[in-house]
Every structure is written in C-alpha cells, then in structure tokens.
Amino acid sequence: MRIRIVAMMATALLACIGAARAEWPDRPLRLVVPVAPGGPTDIIARLLAQHLSPRLGQSVVVENRPGAGGNIGTQAVVQAEADGYTMLMASVSNAVNPSLFAQLPYDTDRDLMAVSQVSRVPILLLVPARMEDVRTVADLVARARREPLVYATGGVGTSGHLVAEMFAMTADVRLTPAHYRGSALADQDLEAARVQLKFDNAPTSLPMIAAGRTRAIAVTTGTRLPELPDVPTMKEAMPPGFEVSSWHGIMLRSGTPRPIVEKLAREVAAATRAPEATARWQAIGVQPVGSDPDAFTAFFREERARWAEVIRAANVRPE
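Residues numbered from 1 in each chain as written. Predicted model: local features only at pLDDT ≥ 70, side-chain atom pairs only at ≥ 80, totals over all residues. Heavy atoms only, no water.

A. Representation of the sheet that holds strand β7 (residues 175-179) in the model. In space, the five strands of this open sheet follow the order β7-β6-β8-β5-β9, with mixed pairing throughout. At either margin of the open sheet sits one strand with a lone partner, and together these are β7 and β9 (214-219). Recorded for the sheet is a direction-independent mean angle of 35° between the axes of neighbouring strands. Pairing geometry for strand β5 (residues 123-128) and β9, over five bridges, is antiparallel. Paired with L125 across the bridge in β9 is A218. Across the sheet, helix α7 (residues 159-171) is in contact with β5, β6 (149-153), β7 and β8 (197-201); its angle to β8 comes to roughly 130°. (Pairing = 2+ DSSP bridges. Helix = DSSP H or I, 4+ residues; strand = E, 2+ residues; numbered from the N terminus. Axes fitted to C-alpha atoms, helices over the stretch in contact; angles between N-to-C directions. Contact = heavy atoms within 4.5 Å.)

B. Structural detail: the layout of surface pockets. Estimates place the volume of the largest pocket at around 1300 Å³. Broken down by secondary-structure element, the contributors of at least two residues to the lining of the largest pocket are α2 (40-56), α4 (92-100), β6, α7, β8 and β10 (246-253). A volume near 180 Å³ is recorded for the second largest pocket. Forming the walls of the second largest pocket are T108, D109, L112, M113, A114, M251, T297, F300, R301 and R304. Tallying contributions element by element places helix α13 (residues 293-314) first for the lining of the second largest pocket, with four residues. By residue class, the composition of the lining of the second largest pocket is five nonpolar, two polar and three charged. (1 Å grid on protein atoms, 1.4 Å probe; cavity = no way out; pocket = protein on both sides within 12 Å on 5 of 7 lines; lining within 4 Å. Points joined across faces, edges and corners; volume = space filled by probe spheres on them. Nonpolar A, V, L, I, M, F, W, Y, C, P; charged D, E, K, R; others polar.)

C. Just the sheet that holds strand β2 (residues 60-64), in detail. Strand order in the open sheet formed by six strands is β2-β1-β3-β10-β4-β11, with mixed pairing between adjacent strands. Every other strand in the sheet has two partners, leaving β2 and β11 (287-288) as the edge strands with one partner each. Relative to strand β3 (residues 86-91), strand β1 (residues 29-33) runs parallel, the two sharing three bridges. From the neighbouring strand, R30 faces β3, where its bridge partner is T86. Its contacts with the sheet place α2 against β1, β2, β3, β4 (112-121) and β10, and it is angled at close to 160° to β2. Contacting β1, β3, β4 and β10, helix α3 (residues 71-79) crosses the sheet at an angle of about 145° to β3.

D. Focus on the nonpolar core. Residues L125, F167 and W307 are the most contacted members of the largest nonpolar core, which totals 51 residues. In terms of residue count, the dominant contributor to this core is α7 (seven residues). Beyond its immediate chain neighbours, meaning those up to four positions away, W307 contacts V92, A95, V96, L162, V163, M166 and V244. With 32 residues, the next largest nonpolar core counts I44, A45, L56 and A277 among its residues. (Core = buried A, V, L, I, M, F, W, Y, C linked by side-chain atoms within 4.5 Å. Buried < 20%, exposed > 50% of the residue type's maximum accessible area, 1.4 Å probe, protein only.)

Given below as structure tokens:
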C-alpha cells in the first residue's frame, strides 16, 4: 500500500511539473543585450522582441548590459536561473571571447546553450568617399603596398577588427588598427580620411553610403547585396578572397529544460521568418535565419574554430 501511495504521489508530481512546463512562459522574459543601445545588435534584439512577444503571450523586455567585450551581459545570463526567462542576444563576440581572453568569468561550453540563430549580417569594406583613387579592392591593396594604411574598428576582437586582419593576411599587406570606443568617432575619422578603411556591418554602413560619405568596395558574404548590386563580393574582388558575416542568435543558460528550449527555438524561428519581420530585416541589410538548436550549436562551434585561428595567426591580444 505504501509503495502504491508513493507511486501515485510521484505520478502526480510529474504531472504537475509537466503542466508547469507546458504553461511556460507565464511571466515576462528578459532579453539581455551585452552591448550599448543603438548598434546593430541592439536594433536586431528590439526588432526580434517586438515580434516574439505576441507569439509567447508575454512581454520580452530588452535589457542592455554593456561592458568587457560583451562579457558582463553574458555573465548576467549565466548567473540567472536556468528557467528560460533570461535570454542572451549572442553575437560574434561570444565565439571570439573564449580565444581572446585568457580567463572568462564563465565557461562558454559549460554554461551556455544555443537556441536559434536569428540573423546573418553582411559586412562591407568601406573607404572614404574622398579617396578618389580607391574604387576597387585591387586599388586598395596596391595603395597598401605603397604606403601604410590605418583601419578603424569598434574595439579589439570585434568583427570589424578580425575581418580586417583576415583581409590583411589574405591580401598579404600590413594594416594598422585604430580602435575606437564607439562607432561615431570611427565613422567621423573614416569620412575625413584620417583612417583609410573600415569593415562595418550593413545596418550601420548603408546610411553612410547612401549619404555619399563613404564608398563600399566589397561585401564579405557569398552573394552580392540587393541593396548594393554593383558592389562585388570579396571572392569576386580578390580571389580567393573569403566569405564571412556577422551574426546574432539566442542563447540560454545551460540546464534549461529541453521542452522550454525547443518551444523558444520554434517561436524565435517563427518570429524571425514572419513576413512582416522579414521586410524590416531586409530594409536594414540583415538576412533572417531562424534555425533549430542543433543547427545553431554546430554553427557556433564552427565560428569558435574560425575566430580562434584568426586570433592566433594575427596575434590579437585584448587591450
């Protein structure tokens, strides 16, 4: 009799747990953005939150936690409960930081789990509009072999920094980085030709190009951008070139129950691919993805390996 009572209680408990999980989410969620407001990561996070909230039936509150190359915001997610209510807007920095920093306050492989890749973000090679003699990548390489050139970045280990190092190694030229704490000053110096080039994400590049302040001479994705059909890919402009993009995705603290992970992945993918969302992604030069946890996990591992090799080959060190 006692055994039967215990078994009945266990069954009832499991049923309650299952019901509780089925009701997830039953309160607002946090989407932690580990960078300051206003940049591409923040813009994409807020657009995703807008379309994800109605699908989940709960508010998705964007919370900016910048600092330490994205590590402060990432640590906040790692320290939260593994219940699916605190999400991380992950980006290239999460694949870079384990190789860039000698020690992190968390273990990326142990403490984070991939849910869904949200976007691919094309990266454009920009030069000042006033540099009339540089119209192609070949022109830029020739100039770099005649005189020292400086490129602007948003900081050590950013996609703009590491892609510039990939470019220098592929073209066999020497370039000097100028690291800025914000994109505004970097863009001002690029427009004034105080620096000679910059690799920048499409959402922030397109307005400058449209205003005639900078000129795009290549894009790093595998295909040309519809917004800039005359700008060649890096593989077209500089064979063998390379193919790379920035990206964003949703991650959670490891240990989050699988049913929650799978439900969130489905809703993120659906919110990302919704026709009304797709039009807005494309308007800012972002390519929507919306993948499942296994696909995002595999992609993230590839990114870890890619950037680890660039950091090693270019001897990149944090400031």
